Amino acid sequence: MSSITDGFKDVFMAGIGAMALGVEKSQELVSQLIEKGELTVDQGKAINADLIERAGKTADKTVTAVRDDLIAAHLATLSKDERDAFAAKVAEMAAQADERDAAMDAQADEVEVIISDEVVDEADKAAGVPGVE
(Lines give C-alpha, C1' and ligand atoms only; values in the text may rest on other atoms or scores of the structure.)
Protein backbone atom coordinates (compact mmCIF):
# COMPACT_ATOMS: atom_id res chain seq x y z
CA MET A 1 0.00 0.00 0.00
CA SER A 2 2.88 2.35 0.74
CA SER A 3 4.14 2.08 -2.84
CA ILE A 4 0.70 3.03 -4.20
CA THR A 5 0.52 6.04 -1.90
CA ASP A 6 4.10 7.00 -2.75
CA GLY A 7 3.29 6.68 -6.45
CA PHE A 8 0.28 8.96 -6.15
CA LYS A 9 2.29 11.39 -4.07
CA ASP A 10 5.04 11.46 -6.74
CA VAL A 11 2.47 12.08 -9.50
CA PHE A 12 0.86 14.82 -7.44
CA MET A 13 4.18 16.52 -6.70
CA ALA A 14 5.22 16.28 -10.36
CA GLY A 15 1.95 17.94 -11.37
CA ILE A 16 2.45 20.78 -8.91
CA GLY A 17 6.02 21.22 -10.11
CA ALA A 18 4.94 21.30 -13.75
CA MET A 19 2.32 23.95 -13.02
CA ALA A 20 4.81 26.07 -11.07
CA LEU A 21 7.33 25.78 -13.89
CA GLY A 22 4.64 26.75 -16.42
CA VAL A 23 3.73 29.85 -14.43
CA GLU A 24 7.40 30.83 -14.08
CA LYS A 25 8.07 30.40 -17.79
CA SER A 26 4.92 32.37 -18.68
CA GLN A 27 6.02 35.20 -16.41
CA GLU A 28 9.48 35.17 -17.99
CA LEU A 29 7.94 35.35 -21.48
CA VAL A 30 5.72 38.29 -20.50
CA SER A 31 8.73 40.07 -18.98
CA GLN A 32 10.72 39.54 -22.19
CA LEU A 33 7.86 40.89 -24.32
CA ILE A 34 7.59 43.95 -22.10
CA GLU A 35 11.33 44.54 -22.39
CA LYS A 36 11.09 44.37 -26.16
CA GLY A 37 8.28 46.90 -26.11
CA GLU A 38 5.79 44.54 -27.70
CA LEU A 39 3.48 44.90 -24.69
CA THR A 40 2.84 47.76 -22.36
CA VAL A 41 3.47 47.19 -18.69
CA ASP A 42 -0.26 47.28 -17.96
CA GLN A 43 -1.01 44.70 -20.66
CA GLY A 44 1.79 42.53 -19.29
CA LYS A 45 0.41 42.76 -15.77
CA ALA A 46 -3.08 41.86 -16.99
CA ILE A 47 -1.79 38.85 -18.92
CA ASN A 48 0.34 37.79 -15.97
CA ALA A 49 -2.62 38.05 -13.56
CA ASP A 50 -4.77 36.02 -15.96
CA LEU A 51 -2.10 33.33 -16.27
CA ILE A 52 -1.74 33.11 -12.49
CA GLU A 53 -5.52 32.87 -12.06
CA ARG A 54 -5.76 30.10 -14.66
CA ALA A 55 -2.86 28.22 -13.06
CA GLY A 56 -4.54 28.50 -9.66
CA LYS A 57 -7.79 27.07 -11.01
CA THR A 58 -5.90 24.23 -12.68
CA ALA A 59 -4.00 23.56 -9.46
CA ASP A 60 -7.24 23.40 -7.48
CA LYS A 61 -8.71 20.92 -9.95
CA THR A 62 -5.51 18.85 -9.91
CA VAL A 63 -5.35 18.78 -6.12
CA THR A 64 -8.99 17.69 -5.93
CA ALA A 65 -8.49 14.97 -8.53
CA VAL A 66 -5.35 13.64 -6.86
CA ARG A 67 -7.01 13.70 -3.44
CA ASP A 68 -9.98 11.76 -4.82
CA ASP A 69 -7.65 9.26 -6.51
CA LEU A 70 -5.71 8.77 -3.26
CA ILE A 71 -8.90 8.14 -1.31
CA ALA A 72 -10.14 5.71 -3.96
CA ALA A 73 -6.81 3.86 -3.92
CA HIS A 74 -6.90 3.67 -0.13
CA LEU A 75 -10.49 2.41 -0.14
CA ALA A 76 -9.56 -0.26 -2.69
CA THR A 77 -7.12 -1.76 -0.18
CA LEU A 78 -9.71 -1.97 2.62
CA SER A 79 -12.19 -4.70 3.46
CA LYS A 80 -15.90 -3.87 3.63
CA ASP A 81 -15.73 -3.57 7.43
CA GLU A 82 -12.69 -1.29 7.21
CA ARG A 83 -14.43 0.86 4.55
CA ASP A 84 -17.51 1.13 6.78
CA ALA A 85 -15.32 2.17 9.74
CA PHE A 86 -13.49 4.68 7.52
CA ALA A 87 -16.80 6.14 6.29
CA ALA A 88 -18.08 6.40 9.87
CA LYS A 89 -14.90 8.20 10.94
CA VAL A 90 -15.17 10.64 8.03
CA ALA A 91 -18.84 11.28 8.88
CA GLU A 92 -17.86 11.93 12.50
CA MET A 93 -15.14 14.36 11.39
CA ALA A 94 -17.60 16.15 9.09
CA ALA A 95 -20.10 16.48 11.96
CA GLN A 96 -17.37 17.96 14.18
CA ALA A 97 -16.46 20.44 11.44
CA ASP A 98 -20.14 21.39 11.10
CA GLU A 99 -20.34 21.96 14.87
CA ARG A 100 -17.22 24.17 14.77
CA ASP A 101 -18.70 26.15 11.87
CA ALA A 102 -21.98 26.62 13.75
CA ALA A 103 -20.12 27.76 16.87
CA MET A 104 -18.06 30.23 14.84
CA ASP A 105 -21.21 31.57 13.16
CA ALA A 106 -22.88 32.01 16.56
CA GLN A 107 -19.83 33.86 17.89
CA ALA A 108 -19.75 36.08 14.81
CA ASP A 109 -23.44 36.89 15.26
CA GLU A 110 -22.86 37.70 18.94
CA VAL A 111 -19.93 39.98 18.14
CA GLU A 112 -22.00 41.69 15.45
CA VAL A 113 -24.81 42.39 17.96
CA ILE A 114 -22.34 43.73 20.55
CA ILE A 115 -20.67 46.00 18.00
CA SER A 116 -24.04 47.17 16.71
CA ASP A 117 -25.20 48.00 20.25
CA GLU A 118 -21.97 49.90 20.92
CA VAL A 119 -22.35 51.89 17.70
CA VAL A 120 -25.95 52.80 18.59
CA ASP A 121 -24.92 53.80 22.12
CA GLU A 122 -22.10 55.99 20.77
CA ALA A 123 -24.43 57.60 18.24
CA ASP A 124 -27.05 58.25 20.94
CA LYS A 125 -24.38 59.67 23.23
CA ALA A 126 -23.04 61.92 20.49
CA ALA A 127 -26.57 63.08 19.69
CA GLY A 128 -27.20 63.88 23.36
CA VAL A 129 -29.99 61.36 23.84
CA PRO A 130 -30.96 61.40 27.53
CA GLY A 131 -30.24 58.31 29.62
CA VAL A 132 -27.12 57.30 27.66
CA GLU A 133 -23.86 57.58 29.59
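Residue numbers here run from 1 along each chain, matching the order of that chain's written sequence. Thresholds applied to this predicted model are a pLDDT of at least 70 for local features of residues and 80 or more for the giving and counting of side-chain atom pairs; totals over whole chains, interfaces and linings are not thresholded and use all residues. No hydrogens and no water enter the side-chain calculation; it runs on all heavy atoms of the structure.

## Structural notes on the overall build of the protein chain
Broken down by element type, the protein chain carries 3 helices and 0 strands. Secondary structure is summarised from DSSP: a helix means a run of H or I of at least four residues, a strand means a run of E of at least two, and numbering begins at the N terminus for each. Counting helices and strands in the order they occur from the N terminus, the protein chain gives α-α-α. The C-alpha atoms of the protein chain give 26 Å as radius of gyration, which overshoots the globular expectation for 133 residues (14 Å, by more than 25%). Taking the principal axes of its C-alpha atoms as reference, the protein chain extends roughly 75 × 65 × 15 Å. Residues scored as positive are Lys and Arg, those scored as negative are Asp and Glu, and His as well as the terminal groups of each chain are ignored. The location of each charge is read from NZ of Lys, CZ of Arg, CG of Asp or CD of Glu. Averaging the locations of the 13 positively and 29 negatively charged side chains of the protein chain gives two centres separated by 11 Å. Note that the radius of gyration is over C-alpha atoms, with the globule rule given as 2.2 Å times the number of residues to the power 0.38.

## Comments concerning the confidence of the model for the protein chain
Predictor confidence is given residue by residue as pLDDT, running from a minimum of 0 to a maximum of 100. When pLDDT is averaged along the protein chain, the result is 79; 94% of the residues meet or exceed 70. The least confident element of the protein chain, judged by mean pLDDT, is helix α1 (residues 2–35) at 74; the most confident is helix α3 (residues 80–127) at 85.

## Re the environment of L70
Here L70 shows up in helix α2 (residues 41–76). Of the residues examined, L70 reaches a relative accessible area of 31% and is grouped as partly exposed. Taking the C-alpha atoms as reference points, L70 and F8, 62 residues apart in sequence, are found 6.6 Å from one another. If near-sequence neighbours (up to four positions away) are discounted, L70 is found in contact with T5 and F8. Burial classes: relative accessible area under 20% of the type maximum marks a residue as buried, over 50% as exposed, and values in between as partly exposed (1.4 Å probe, protein chains only). Contacts are assigned to residue pairs that have any heavy atoms within 4.5 Å of one another.

## Brief notes about α2
Between its first and last C-alpha, α2 extends 52 Å over 36 residues, near the 52 Å set by a 1.5 Å rise per residue. Listing the buried residues of α2 in full gives G44, N48, A55, A59, V66 and A73. Each helix should span, by expectation, one fewer than its residue count multiplied by 1.5 Å.

## Details of the pattern of salt bridges
We define a salt bridge as a side-chain nitrogen of Lys or Arg found within 4 Å of a carboxyl oxygen belonging to Asp or Glu. Scanning the entire structure with this criterion turns up 5 salt bridges. Residues D50 and R54 are paired through a salt bridge, measuring 3.2 Å at the closest nitrogen-oxygen approach. Pair noted here: D50 and R54 are both in helix α2, with a separation of 4 residues, about one helical turn. Using a relative accessible area of 53% as the deciding quantity, one classes R54 as exposed. Ionic pairing is found between E53 and K57, a salt bridge with its closest N-O pair at 3.2 Å. Of the two residues, E53 and K57 are both situated in helix α2; the distance of 4 residues between them amounts to about one turn of the helix. On the basis of relative accessible area, E53 is assigned to the partly exposed category, the value being 45%.

## Here we look at the environment of K45
Locating K45 in the fold gives a position in helix α2. Since its relative accessible area comes to 55%, K45 is described here as exposed. In this structure, the C-alpha to C-alpha distance between K45 and Q27, residues 18 residues apart in sequence, is 9.4 Å.

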